[in-house]
Structures are given as structure tokens and as C-alpha cells.
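One-letter residues, chain by chain:
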Amino acid sequence: MESRETLAQTVRGTVPVQLFMPDPRPKRMRVAGQLAKPQRATPPLDEEALRDRLRAIRVDTAEHLDELLEQLTGTLREQYGVTPLEAATAQEAAGEIVRLAGPSRRVLVNRSATVAELLPHLKARGLEVVETYDEQFVQPDQGVERYWQLDLVSARAAWQAFHPQSAHSAPQPSAGVGVLGVNVIAAEDGTVFFVQHLFNISEILERASKVVLVIGVERLVRDRDAAAFVARAQARYGALSVALGIPRRGGDNKGEVPAGRGLTSSSSTCDAPRHASQAPLQHTLVHIILLDNGRRAWLADPRYRDLFLCIGCQSCLLECPTQPYFGGAAGWTPRDYLMAFVGGDNPSLRECITCGRCRARCPLDIDLPTMISEAEAEAGATKWQDQFYSRIGTLFQVASLTAPLSNRLFDWPLARQPMEWVSGMDRERKLPRFYRDTFLRQYRRRPSGPASDRTVVYYPGCYANFTDPALGWAVVGILERNGFRVLVPDHLCCGCLLYTSPSPRDQRPNLVCR
């Protein structure tokens, strides 16, 4: 059996590293072309073909993981003299990094979901962890907080915004140990790809005397072309999430010059574009850790197998309404939130409201809402308040039948205290008013609407039917004004709140399951 020292072999590494970085030249060329030949329209990006190729690459990794790992290990040993450490757990990987750090007890890290799995264990072992990402940016005094405040760019512009550049090291590295989570790596030739938004990865690669590349096994793909395609997709789909994340996390240096250049004692040379002719990391000691930490378990479990397809673009973060609350300092995405729960590092998934926006944003259509809901139910994490809310349709009907008495009861301070205990809803929260004369009753009394050969079936739901009939009428009015005949069927609770509670899927009624 190989010794620990052999597994962590250090060499004068020549592992090729490519950085996908923002590059203004494609935009300039595109604008120049439009000015020169304005009659020639730019063809739209084939989004469906892009996503199909992305899924094919990820499925190939999932189906041939052992084969690709064996190929990568052979490539690293034979071409670069590096024997990677295959770490089964985050604790094992962190232990190796602690050993490599030696007496310095200080490591520089990039913002990576893979590295984030190691951070609690590194800090618990007494290492000083310098997180270099946020400090690159000038923190705005008033940054955006929600995705709708962002300026959207076209799909083609986003796809062309990032271009690969080669990394290199300084003649005399001086910044200690760098720990970098890799975006994607090619099994065929060992080329490593990072997505870099400013300069922190470049500086670590240039100045660190030792670099530990931490590669989640799902980050592996077959060849260099596939790796470059996945890295570009990560940059394209994650760009807006990056723009949203920086102001959310904030910092103490609002309006000041970025502090990231303080990582090294000399000024960075990464302002100029890198060229492929520059030497790759000739003066840096390279270590590679292949991290499992439960990933093979995803593949073996049909419930979580699609997690392995995730490219880590963080697009699922963008429209999540509760991410600012569960994301914390680690900046968890919905996918990280679920991973931590499955791995035992997160006690609850209750912040998720199962709105489905993460799945809508995902380029691979990964059904995180269902995974989250079923994971909590199967872990026995259902609270008895969930049973209360799962019957909210019945509660609304009773409150409507007893109105206005029910409204007076809900306004009574002495009644709100036990209601808070039963429902978990704050006693100060304003409750909706219930109507005995519901929207459906009012609709049944109206004369027939305007005739039309276009028909819409409108389900008003519990809220509009029992607490806001005017909203129902507003919907009907808009539809009829646009030439539709509106039909309203008998009332049926949609089961929406039951869907957001961690209950077994086969117990979810009505429209959710139809």
C-alpha cells in the first residue's frame, strides 16, 4: 500500500491550467461588425442545443466515473509526475492540507463550493483561512439585493464574454499555500479550468509556493474540449448570480479600492491578458486532491443522482427568495443547502419554500425542489405545524363560513397567542380578511360572460376565493377584455402549501399532482 507521503507527492508541476476570464474583445468585435454591416442580424444562440450538449457531457461523467478517474490518475502520474490523493471525506482532505501547510498555518482559498466543504474542518484544525474572493471587488454603498435589479444581457453576449487564458507562476513564489477548488478538469490530458471574475485565482497561482487543487469527482469530464465547454457554461449561467452575490455579502471596504492585491508582497501582473505561450506553473509545487465526500452516494441513490449532473454555475441562487437567509457566510446555493443536509452538516431544510425557481433557472433542469421536500420528509423532519398548514384549504373554508366572526377572533390579542403556538405564525402578523360571500358564489350569480371562441379555465385558489374576491374579478376582467371566455370550475384547493411541506409526494393532492 502506498505511503501517505507518496500519495501527496510534490513535484515541479507542469499541470496545464486555463482561466476563463471576462474579455471585452468579443463585444468590441460584435459591435464593430454591426456598425460595418448593420443589415446582417446576429443569429440567436441555440440554447436548446447548448443545454443538450451540456447534459450529454455530464451524463457521460456519471455513467463512466470510475473509467475517467482511472484515466485522469494515469495521466497525472505519467505526464506530470503527480499522484493525486483520493479523499473519501472532507475531513481526510482537510487533514492533508493541514499537513502541507506546515508551520505557516495559513492558506489562501478561492470561492468554491468544493473548498467550502473543507473550510469548517480547516478552521477546526487551527488554520488561518484567507478567503480572497470578495476582497477583489469595490463594495457598493447601495448594492442590488434582488435579481430584478440586475441589468440582463443577451444569451449570446453572456456566452461570449469569457475566454480562456493560460496561468503562470512568478519566478520566486512567496505567498505560502493556496487551496483552489477546480471548476472542471479533463481526464484525457489533465488540463484544469477555472472561471475567474477578477484576479484572485491568478494571484494565488502566481505567488503561492504550494498549490492544492481540490477537485470534486463530479468535476471530471472526458477531454479538453468538453472541459472548456463546461467551464464556459459555468461562466455564462453563473454571471448574474456573481453580480448578485457580492452586494449581498457586503464588506467593510465599501467604496474603497479592492484589497485583493494585498495577497502578495508585490503588485500583480494579471492586468494584461495571458497568452498560451507563457509557461504554466513552472515554479509552483502542485498537489491534487480528488474529493468524494458523498458524491458516489448520489450516483447510487436514484433520488439524488441528478445532483451529480450539476455544473456548479450557481444559477439556482439567482431567483431563490430565501437564499439570503439560509446561504449564510458560506454563500450556500439551494444545491449546497441540500448537499449539506444530506451530508449531516445542515440540520434542516425548512427555509426552502419549494417555489421551483431554482429548477426553472437550472440549465440541466435538476429538480431540486422535489429533492429538498422529499429529503426532509424521509429524514423525519416534519413538524406538526406542517400538518396544520397541509389542511389550510379546510381552514379557509371554515373561516369563510363563520365570517365575520372569524375575522373578529383573529383580531383578538388573546386568541393570537395560542394561534401562534399552534401555527408557528407570529402573533403580530396581519391576517387576511375572510368573506362569507366568496368569489365563486359571486361568479355563479353573474349573468353569462361575453361569447368567444377562445376559452380560459380559471382556478382562483383559496386566497382569491375566500379572502380577496376583488382579485378574482380583476383576473376575469383582464381575460375578458382580451377576448377570452372565462370558465370557473367548482372550488378545489390546489395543495400548494402541502407541496412546500416535507410530506410524502403521494399524499400531495389536487393540482400539484395533476
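Report on the accompanying structure. (Residues numbered from 1 in each chain as written. Predicted model: local features only at pLDDT ≥ 70, side-chain atom pairs only at ≥ 80, totals over all residues. Heavy atoms only, no water.)

**Considering the sheet that holds strand β8 (residues 184-186)**
Here is step 1: The five strands lie next to each other as β6-β2-β9-β8-β11, forming an open sheet whose pairing is mixed. Bordering the open sheet on either side are β6 (162-166) and β11 (220-221), each of which pairs with just one other strand. (Pairing = 2+ DSSP bridges. Helix = DSSP H or I, 4+ residues; strand = E, 2+ residues; numbered from the N terminus.)

**Digging into empty space enclosed by the protein**
Here is step 1: For the structure on display, the rule yields six cavities of 30 Å³ or more.
Here is step 2: Taken together, 41 residues line the largest cavity, and the ones lying closest to its centre are Arg111, Asn183, Gly312, Cys313 and Gln314.
Here is step 3: Mapped onto the lining of the largest cavity, the elements with two or more residues apiece are α9 (200-207), α10 (224-249) and α13 (334-342).
Here is step 4: Counting residues per element, the lining of the largest cavity draws most heavily on α10, at nine residues.
Here is step 5: Here the residues of the lining of the largest cavity are counted per class, giving 20 nonpolar, 16 polar and five charged. (1 Å grid on protein atoms, 1.4 Å probe; cavity = no way out; pocket = protein on both sides within 12 Å on 5 of 7 lines; lining within 4 Å. Points joined across faces, edges and corners; volume = space filled by probe spheres on them. Nonpolar A, V, L, I, M, F, W, Y, C, P; charged D, E, K, R; others polar.)

**Focus on the packing of aromatic side chains**
Here is step 1: The full count for this structure, using the stated rule, is 10 aromatic pairs.
Here is step 2: Sitting over the face of the ring of Phe229, Arg53 holds its NZ or CZ atom 4.1 Å from the ring centroid.
Here is step 3: One residue, Arg454, lies across the ring of Phe484, its end atom 4.3 Å from the ring centre. (Phe/Tyr/Trp six-rings, centres within 6.5 Å; stacked < 30°, edge-to-face > 60°. Lys NZ or Arg CZ within 6 Å of the ring centre and 35° of its normal.)

**Side note on a nonpolar patch on the surface**
Here is step 1: Side chains of Leu409, Trp412 and Leu414 sit close together on the surface and give an oily, nonpolar patch of about 340 Å² of accessible area.
Here is step 2: Classification of Leu414 by relative accessible area gives exposed; the value is 61%. (Patch = residues over 30% accessible without salt bridge, like charges linked within 9 Å, V, L, I, M, F, W, Y side chains within 5 Å. Areas by Shrake-Rupley, 256 points an atom, 1.4 Å probe, with all protein chains shown as cover. Salt bridge = Lys/Arg side-chain N within 4 Å of Asp/Glu carboxyl O. Buried < 20%, exposed > 50% of the residue type's maximum accessible area, 1.4 Å probe, protein only.)

**Focus: helix α3 (residues 47-63)**
Here is step 1: With 17 residues, α3 ought to run about 24 Å at 1.5 Å a step, and its terminal C-alpha atoms sit 24 Å apart, in line with that.
Here is step 2: Taken together, the buried positions of α3 are Leu50, Leu54, Ile57, Arg58, Asp60, Thr61 and Ala62. (Expected span 1.5 Å × (residues − 1).)

**Some remarks on the pattern of salt bridges**
Here is step 1: Scanning the model with the defined rule gives 25 salt bridges in all.
Here is step 2: Here Glu218 ties to Arg219 by a salt bridge, and the two come within 3.5 Å at their closest N and O atoms. Side by side, Glu218 and Arg219 carry an identical accessibility label, which is buried.
Here is step 3: Here Arg357 makes a salt bridge to Glu319, at a shortest N to O gap of 2.6 Å. With Arg357 in helix α14 (residues 357-361) and Glu319 in the loop between α11 (295-300) and α12 (323-326), this pair connects stretches of sequence that are 38 residues apart.
Here is step 4: Judged by relative accessible area, which is 11%, Glu319 ranks as buried.
Here is step 5: Members of the salt-bridge network, linked through shared partners, are Glu117, Glu218, Arg219, Arg295, Arg335 and Asp336.

**Focus: the packing of α13 against helix α15 (residues 368-378)**
Here is step 1: Here α13 crosses α15 at 25°, and the two axes come no closer than 10 Å. Viewed along their axes, α13 and α15 adopt a mutual orientation that is roughly parallel. In the crossing of α13 with α15, the sense of the turn from one axis to the other is left-handed. Between α13, through Pro334, Arg335, Leu338 and Phe341, and α15, the contact on the second element is made entirely by Leu368, Met371, Ile372, Ala375 and Glu376.
Here is step 2: When its residues are assigned to classes, the contact of α13 with α15 shows seven nonpolar, no polar and two charged. (Axes fitted to C-alpha atoms, helices over the stretch in contact; angles between N-to-C directions. Parallel < 35°, antiparallel > 145°, perpendicular 65-115°, else oblique. Left-handed = near helix turned anticlockwise from the far one by under 90°. Contact = heavy atoms within 4.5 Å.)

**What to know about the side chain of Asn407**
Here is step 1: Positionally, Asn407 belongs in helix α18 (residues 405-411).
Here is step 2: Take Asn407: its relative accessible area is 7%, and that puts it in the buried class.

**Examining the environment of His163**
Here is step 1: Structurally, the position occupied by His163 is in strand β6.
Here is step 2: For His163, a relative accessible area of 26% corresponds to the partly exposed category.
Here is step 3: The spatial distance from the C-alpha of His163 to the C-alpha of Ala231 is 9.8 Å, given a sequence separation of 68 residues.

**Topic: the pairing of strand β10 (residues 210-216)**
Here is step 1: With respect to burial, β10 is a largely interior element, six of its seven residues being buried.
Here is step 2: As defined by bridge partners, strand β7 (residues 177-181) adjoins β10 across five bridges and the pair is classed as parallel. In the strand pairing of β10, Leu180 is matched with Leu213.
Here is step 3: Note that β10 and strand β12 (residues 285-291) share seven bridges and pair parallel. Residue pairing for β12: Lys210 is matched across the bridge by Leu285.

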